[in-house]
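One-letter residues, chain by chain:
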Amino acid sequence: MKKYLSILMLVVLIACNSNQEYNFTKGVTIKASTSQTRTSFDGSISAWDANDKLQVAIGATGEAPSLHEFTNSDPSNGLFTNADLTLDNTLTYDIFALYSTQGELPDVTNRNAAVAIGAAVQEQTGASAAHIAALDPLYGSTAGAQSNNIAVNMKHSATVLRITIKNTTGAEIAGVKSLKISTADDIQLHGTGTIDFTTREVTMGSDGSNSITINIQDSGVIAADGEFTVWAAAAPFTMAENSAMHFTLTTADDKVLEYKKEFAASTDFEAGVIMSTTIAPEPRPEQIVIQWGYLDGYTAPVGMPSCETDVDNLVNEIGITNGSYPTKYGNITIDSAVKFAYVSNSNIVRFKDVTANDNAYIYLPTIPDYKLTQVIASIPSNLVGKRATLRIAIDPAASTTAKNTNVQDATFNLANTSSDQQYKIHIYGTNTTKASYDLTGIQLTYILE
């Protein structure tokens, strides 16, 4: 009987060990699915590459995850495998995954990742879009997955710009050396984004800029009426209504051509989307004139706070002291110690209660390679000479002196200016007496430097 019991216990022990052993699987495969994966990219279709790797944080549901690297085992089906990882078949798992060629890793504690999206300088060979993949980190997460059935839907972090250059100059273009894309100062076309694997959203930081330059190798000659395609990866952004995207093309023989893409309506450039446009760059104009305000033929500021009348001091009630307003060549930005708004019954921008201590500043666009040479600030004709305590000036001084309100059009002809200097209109008082400065429009003249 003792021998029988010993044998029976041994059989039970072996059975338990066997069951426990079957509860675990060594070697884990993940299906990383997306219909638009841009790890390899030809502009119309995309697929995983055999050398791609995923950085995967995986942990049993409710437990802290740990980080593991998965290598591509089946590019056509999006399968990634870690042959050494062992999972318990009786548990479910939470997973978040990151694809990046820049060496970034997920933060398993905070369940996020800081990644570079797009780049200030991008390198393209011929008309290939192969450089896009490295600038577009992919990410995804899933919860409660079985160990033998893990699938993660990967999302893009970058938007892709497909720019077709149409040669309408009437002559052959020797080749494309580079294409620079620039937008308003408050738009970030590239930079560091933080991926939140819980919400599956990306938040951009503030380390980027409003321009991208794509250097081109081996573009070849572009014949008259011919075309060439340039590709760029950018952080998601929005072009505001009545704004513009600026393209500067440098040819193989160092000629500069330009084009402005204007946006009549607000347009979103979203992650995972290819945004296409055709541009026809032309030689640069010698002069650029911006007319902003409420005079005939001028462009009215979009988004300016407004009231019908200021009889009851409505400008102060609105309480706005700063704002940024797009033009085709960059933003006009107001940063003021006094309240301002558009007063529609008078067709003016009113700066309320200006004094020597409480001033208003209007920051003017900087246009690459163009210097500001003239500023004309206009006030209503019925107010000429009636705001004796108020002055208007251009900062930095640029060889000009402040002007009072004795003329309807305060004209500043500027000397020794430069394209990289930020200029601003300065509205101020000469004492503590409060007075309103009423602006009907600004005309800005820039010339090619």
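A quick note: this is a predicted structure, and the numbers were derived from the prediction, not measured.

## Topic: the overall build of the protein
Right, on to step 1. On a plain count of helices and strands, the protein comes out with two helices and 37 strands.
Right, on to step 2. A compact globule built from 449 residues would reach a C-alpha radius of gyration of about 22 Å, whereas the protein, at 31 Å, exceeds it by more than 25%.
Right, on to step 3. Seen along its three principal axes, the alpha-carbon backbone of the protein occupies a region of about 120 × 60 × 35 Å.
Right, on to step 4. In the protein, buried positions account for 46% of the 449 residues.
Right, on to step 5. Across the protein, the fraction of contacts at a sequence separation of at least 24, relative to all contacts at a separation of at least 6, is 71%.
Right, on to step 6. If you sum the accessible surface of the protein, you get close to 20,800 Å²; carbon and sulfur atoms cover 48% of it.
Right, on to step 7. Across the protein, the centroid of the 28 positively charged side chains sits 3 Å from that of the 46 negatively charged ones.

## Points about the nonpolar core
Right, on to step 1. Among the nonpolar cores identified, the biggest contains 38 residues, and Phe351, Ile362 and Val375 are the most heavily contacted of them.
Right, on to step 2. A total of four residues in this core trace back to one element, the largest contributor, which is strand β32 (residues 370-378).
Right, on to step 3. If we ignore the near neighbours within four places in the chain, the residues touching phenylalanine 351 are Ile334, Val338, Lys339, Phe340, Ala360, Ile362, Ile427, Ala435, Ser436, Tyr437 and Leu439.

## Here we look at the side chain of glutamine 188
Right, on to step 1. Relative to the helices and strands, glutamine 188 resides in the loop between β14 (176-182) and β15 (191-196).
Right, on to step 2. A polar atom in the side chain of glutamine 188 sits 2.7 Å from the backbone nitrogen of glycine 208.
Right, on to step 3. Those residues in contact with glutamine 188, other than ones at most four positions away along the chain, are Met204, Gly205, Ser206, Asp207, Gly208, Ser209, Ala235, Pro236 and Phe237.

## Describing the sheet that holds strand β1 (residues 24-33)
Right, on to step 1. An order of β11-β1-β6-β5-β4-β7-β10-β12 is seen for the eight strands of this open sheet, with the pairing classed as mixed. Strands at the two margins of the open sheet, each flanked by one partner only, are β11 (150-153) and β12 (155-156).
Right, on to step 2. Examined bridge by bridge, strand β4 (residues 53-60) and strand β5 (residues 66-74) share six bridges and lie antiparallel to one another. Of the residues in β5, the one forming a bridge with lysine 53 is threonine 71.

## Some remarks on the side chain of histidine 246
Right, on to step 1. Structurally, histidine 246 is set in strand β20 (residues 243-251).
Right, on to step 2. A distance of 3.3 Å separates polar atoms of two side chains, one belonging to histidine 246 and the other to threonine 248.
Right, on to step 3. The residues touching histidine 246, leaving out its near neighbours within four places in the chain, are Lys180, Ile181, Ser182, Glu258, Tyr259 and Lys260.

## What about the sheet that holds strand β18 (residues 227-234)?
Right, on to step 1. Pairing in this open sheet of three strands is mixed, and the strands run β18-β13-β23 from one edge to the other. At either margin of the open sheet sits one strand with a lone partner, and together these are β18 and β23 (274-279). Between one strand and the next, the sheet's axes are offset by a mean angle of 20°, whatever the strand orientation.
Right, on to step 2. The sheet contact formed by strand β13 (residues 159-166) and β18 spans eight bridges and is antiparallel. Residue pairing across strands places leucine 161 opposite alanine 232, the latter belonging to β18.

## Description of unusual backbone geometry
Right, on to step 1. Between aspartate 395 and the following residue, proline 396, the backbone shows a cis peptide bond with an omega angle of -10°.
Right, on to step 2. The residue proline 396 is located in the loop between β33 (390-395) and β34 (409-413) in this model.
Right, on to step 3. Here arginine 111, not a glycine, exhibits a phi torsion of approximately 55°, which is positive.
Right, on to step 4. With respect to the element layout, arginine 111 can be found in the loop between β7 (92-99) and β8 (112-117).
Right, on to step 5. Unlike most non-glycine residues, asparagine 313 shows phi in positive territory, near 65°.
Right, on to step 6. With respect to the element layout, asparagine 313 can be found in the loop between β26 (306-307) and α2 (314-318).

## A few points about the confidence of the model for the protein
Right, on to step 1. Per-residue pLDDT for the protein averages 90, and the proportion of residues at 70 or more is 92%.
Right, on to step 2. When the criterion is pLDDT under 50, residues 1-19 qualifies, and its contacts beyond four places in sequence or with other chains add up to zero contacts.

## Describing the pattern of salt bridges
Right, on to step 1. The full count for this structure, using the stated rule, is 11 salt bridges.
Right, on to step 2. In this structure, glutamate 227 engages lysine 166 in a salt bridge whose closest nitrogen and oxygen atoms are separated by 4.0 Å. With glutamate 227 in strand β18 and lysine 166 in strand β13, the pair connects residues that are 61 residues apart, well separated along the chain.
Right, on to step 3. Judged by relative accessible area, which is 51%, glutamate 227 ranks as exposed.
Right, on to step 4. For lysine 166, a relative accessible area of 25% translates into the label partly exposed.
Right, on to step 5. Here aspartate 253 and lysine 255 are joined by a salt bridge, their closest N and O atoms 4.0 Å apart.
Right, on to step 6. On the accessibility criterion, aspartate 253 (39% relative accessible area) is partly exposed.
Right, on to step 7. What you see here is one network of salt bridges that share partners, running through Asp310, Arg350, Lys352, Arg387 and Asp438.

Conventions used here
Residues numbered from 1 in each chain as written. Predicted model: local features only at pLDDT ≥ 70, side-chain atom pairs only at ≥ 80, totals over all residues. Heavy atoms only, no water. Helix = DSSP H or I, 4+ residues; strand = E, 2+ residues; numbered from the N terminus. Rg over C-alpha atoms; globule rule 2.2 N^0.38 Å. Buried < 20%, exposed > 50% of the residue type's maximum accessible area, 1.4 Å probe, protein only. Contact = heavy atoms within 4.5 Å. Areas by Shrake-Rupley, 256 points an atom, 1.4 Å probe, with all protein chains shown as cover. Lys, Arg positive; Asp, Glu negative; His and termini not counted. Charge placed at Lys NZ, Arg CZ, Asp CG, Glu CD. Core = buried A, V, L, I, M, F, W, Y, C linked by side-chain atoms within 4.5 Å. Polar contact = N/O pair within 3.5 Å; in protein donor to acceptor, adjacent residues only side chain to side chain. Pairing = 2+ DSSP bridges. Axes fitted to C-alpha atoms, helices over the stretch in contact; angles between N-to-C directions. pLDDT = per-residue confidence, 0-100. Salt bridge = Lys/Arg side-chain N within 4 Å of Asp/Glu carboxyl O.

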